[in-house]
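Residues per chain, in single letters:
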Amino acid sequence: MLTIGVDLGSSSVKVSVFDADRAKVLATSFSPKAEMKINSARPGWAEQDPETWFVHFKTALANCLKSAEVDPGRIRALGISYQMHGLVVVDKDHNVIRPSIIWCDSRAVEIGGEAFKGIGKEYCTKNLLNSPGNFTASKLAWLKDNEPGKYDRIFKIMLPGDYLAMRLTGQINTTVTGLSEGIFWDFSKHQVSKSLMDYFGFSMDLIPGIVPEFSIQGIIREDMAGELGLPAGVKVSYRAGDQANNAVSLNVFRPGELAATAGTSGVIYGIAESITPDPAFRVNMFAHVNHSPEDPRIGILACVNGCGIMNSWFKRLSGAESYPYMNSLAEEVQPGSNELKLFPFGNGAERLLQNLEPGASIEGINLNIHKAGHIYRAVQESIAYSFRYAFDIMKQMGVSLSSIKAGEANMFLSPLFARIVAAISGAPVYIYNTDGSLGAARAAAYGCGYYNSVDEAFESLKRVGVYEPDSALGQIYNELYQEWKNKLELKTGIKE
């Protein structure tokens, strides 16, 4: 049996075909080859046309089906990973009413802040686990206030992954994970939050029906299957937002396991079985894909905006020939980079720093000592320090840390970075050759019943790197981290 995994991002749509019988990836493709356009009519706005996502999905899928190893007749299920927090609205005929307001759009920040006060901090903390912030519910409130004619035409609201499932199956539904990431879900009552809906004046009729994350969520329509070159009866059997799905891709389902990504931004996603929100709301809490009222599994997400973008900025600035070249120079430098301290917070407001925007900076430069390698190492150290800052917040919330899992990509391609993260966290770092589309394909095989458990679905996942914590290096970096943290507190005025 073959399955399809789709990773619907804001830069591209990636598709993989997975042979569940042999646990083998048969084909992978993404579209477009250049980044998808994000429309920004005003500062802080970010919109995309959902039809564009579908066009690029079809292109990437078509490229996969050209592979000699792929027999389309054996495809039985499809799983979807998608960019989180976006808003898609459709009318009763399933036509998109306006472009999607996507995850990085900040127009609803003020609305979310007022809602936090209006609904009440106690309710938001206990029931929603988050401030409404700039999430999907607040974006819908912006639409209601500013485009009432379009709002009045809405039949159902959706997240980006719900839209793709609708295009394929003709059915509109969503998940608890999706509703929680939009800040619609009441964790105490295990239902859509009536308090939030009443505050914003939303009708409950706008919310689609709810399906389990791993389940037969719909069958691809026969005419659509013909258009895509697929056999009749292919099931959509899995759906999750990209960060939850990244955890799924790395087989992170249990408390103590953390998934890490270090692309443009860095994300730490840990699993907790109890709900203890951070009083400063520096991290977000969502239902993980295996959450249930009887057996809670809460995904705790911490984001560092300035991660790989800082590394790439210095690469461009210095004219370095490659990242491996930068890593080789950084390896020659001793821990601490000869007192050079860097703060990678130059990519917008940092939720981790209570929405402050302190900017990136570098301190302690000695023109007679410091060379390019010192800067390259300081960049990697500063990002690892930022991860440690997030780890400490998550530990205060009851998240244990037994291991860190990451895909073989971006900053984790640097052995030095992985070693520093292991040393400073005290947890082993395991590197896997997987990605979001492959994780969605494996999950689809479980969702349609081919695998009997998630453990079976991911038992063939292989490590390609292991970095055990070095106690001596850990002691050095713990001292260096405290110095860095003290400087950060002086810069921001934030103290634990």
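So, here is what we can say about the structure in this document.

The next thing to look at is helix H10 (residues 242-249). Extensive coverage of H10 is indicated by the burial of seven of its eight residues. Phi for Asn 251, located one or two positions after H10, is positive at around 60 degrees.

So, on to the sheet that holds strand S14 (residues 235-241). Strands in a sheet are paired, the pairing made by backbone hydrogen bonds, and the direction either parallel or antiparallel. One open sheet accounts for six strands, arranged S3-S2-S1-S5-S14-S13; its pairing is mixed. The two strands at the open ends of the sheet, each matched to only one other strand, are strand S3 (24-31) and strand S13 (214-219). Within this sheet the neighbouring strands show an average axis-to-axis angle of 25 degrees, counted without direction. Relative to strand S5 (residues 75-82), strand S1 (residues 2-8) runs parallel, the two sharing seven bridges. Counted as the bridge partner of Leu 8 is Tyr 82 from S5. Contacts from H10 reach S5 and S14 within the one sheet, and its direction differs from that of S14 by about 110 degrees.

Overall, mixed pairing links the seven strands, which are arranged S17-S18-S16-S15-S21-S22-S23 in an open sheet. Here the strands that pair on one side only, and so sit at the sheet edges, are strand S17 (284-287) and strand S23 (463-467). Here the strands of the sheet are splayed against their neighbours by 25 degrees on average, with no regard to which way each runs. Bridge count between strand S21 (residues 403-407) and strand S22 (residues 429-432): four bridges; the pairing is parallel. The residue of S22 that forms the bridge with Ala 406 is Ile 431.

Opposite charge on two side chains allows them to pair when their charged atoms are near. One pass over the structure, following the stated rule, counts 31 salt bridges. As a salt-bridge pair, Lys 58 and Glu 227 come within 3.0 Å of each other at their nearest N and O atoms. You can see Lys 58 sitting in helix H1 (residues 50-65) and its partner Glu 227 sitting in helix H9 (residues 222-228), a full 169 residues away along the chain. Note on Glu 227: relative accessible area 48%, which makes it partly exposed.

Within the element layout of this structure, Lys 341 appears in strand S19 (residues 341-343). On the basis of relative accessible area, Lys 341 is assigned to the buried category, the value being 13%. Engagement of the side chain of Lys 341 in a polar contact is seen with the side chain of Glu 483, the distance being 3.4 Å. Discounting chain neighbours no more than four positions away, the residues touching Lys 341 are Ser 361, Ile 362, Glu 363, Glu 483, Trp 484 and Lys 487.

Glancing now at the nonpolar core. Membership of the largest hydrophobic core comes to 129 residues, with the highest contact counts inside it found for Leu 140, Phe 184, Phe 387 and Phe 412. By residue number, the principal contributor to this core is helix H13 (residues 372-396), which donates twelve residues. Setting aside its immediate chain neighbours within four residues, Phe 184 contacts Thr 136, Ala 137, Leu 140, Ile 157, Leu 179, Gln 191, Val 192, Ser 193, Leu 196, Met 197, Phe 202 and Ile 207.

Moving on, we get to the environment of Pro 231. Mapping Pro 231 onto the fold places it in the loop between H9 and S14. Sequence separation between Pro 231 and Ile 75 is 156 residues; the distance between their C-alpha atoms is 7.2 Å.

This next bit is on the packing of H13 against helix H14 (residues 415-425). Two numbers describe how H13 lies on H14: the axes approach to 9 Å, and their chain directions differ by 35 degrees. Crossing handedness for the pair H13 and H14: right-handed. For the pair H13 and H14, the contacting residues are Arg 377, Gln 380, Glu 381, Ile 383, Ala 384, Tyr 385, Phe 387, Arg 388, Phe 391 and Lys 395 in the first and Leu 416, Phe 417, Ile 420, Val 421, Ile 424 and Ser 425 in the second. Taken together, the residues of the contact of H13 with H14 sort by class into ten nonpolar, two polar and four charged.

In this fold, Tyr 477 is placed in helix H17 (residues 471-492). Once the C-alpha coordinates of Tyr 477 and Ile 216 are considered, the two residues, 261 residues apart in sequence, prove to be 48 Å apart.

Our focus in this paragraph is unusual backbone geometry. The step from Ser 31 to Pro 32 runs through a cis peptide bond, and the omega angle for that step is -5 degrees. Note that Pro 32 resides in the loop between S3 and strand S4 (47-48). For Phe 281, which is not glycine, the phi dihedral falls at a positive 50 degrees.

A separate point is H13. Counted at 1.5 Å a residue, the expected span for H13 with its 25 residues is 36 Å, and the 37 Å between its end C-alpha atoms agrees. Judged by how many residues are buried, H13 sits mostly within the fold: 21 of 25 residues are covered. Residue Gly 398 follows H13 closely and has a positive phi angle near 95 degrees.

What counts, and at which threshold
Counting of residues starts from 1 at the beginning of each chain's written sequence and follows it residue by residue. For a predicted model such as this one, the threshold for reporting local features is a pLDDT of at least 70, and the threshold for listing and counting side-chain atom pairs is 80 or more; totals across whole chains, interfaces and linings nevertheless cover every residue. Hydrogens are left out, water is left out, and the side-chain values use all remaining heavy atoms of the structure. Buried means the residue's accessible area, taken with a 1.4 Å probe over protein chains only, is under 20% of the maximum for its type, while exposed means over 50%, and partly exposed covers the values in between. Comment: elements are numbered from the N terminus, with helices defined as DSSP H or I runs of at least four residues and strands as E runs of at least two. Think of it this way: DSSP has to see at least two bridges between two strands before they count as a pair. All axes are obtained by fitting lines to C-alpha atoms, using only the stretch in contact for helices, and the reported angles, taken between N-to-C directions, cover 0 to 180 degrees. Whether two residues are in contact is decided by their heavy atoms: any pair within 4.5 Å suffices. Within this document, salt bridges are pairs made up of a side-chain nitrogen of Lys or Arg and a carboxyl oxygen of Asp or Glu, the two lying within 4 Å of each other. Nitrogen and oxygen atoms within 3.5 Å of one another constitute a polar contact, given that in protein one can donate a hydrogen and the other can accept it, and given that sequence-neighbouring residues count only through two side-chain atoms. What is meant by a nonpolar core is a set of buried Ala, Val, Leu, Ile, Met, Phe, Trp, Tyr and Cys residues, joined one to another through side-chain atoms within 4.5 Å. Should the near helix be turned anticlockwise from the far one by less than a right angle, the crossing is left-handed, and should it be turned clockwise, the crossing is right-handed. Think of it as three bins: nonpolar holds Ala, Val, Leu, Ile, Met, Phe, Trp, Tyr, Cys and Pro, charged holds Asp, Glu, Lys and Arg, and polar takes everything else, Gly as well. Expected span of a helix: the number of residues minus one, times 1.5 Å.

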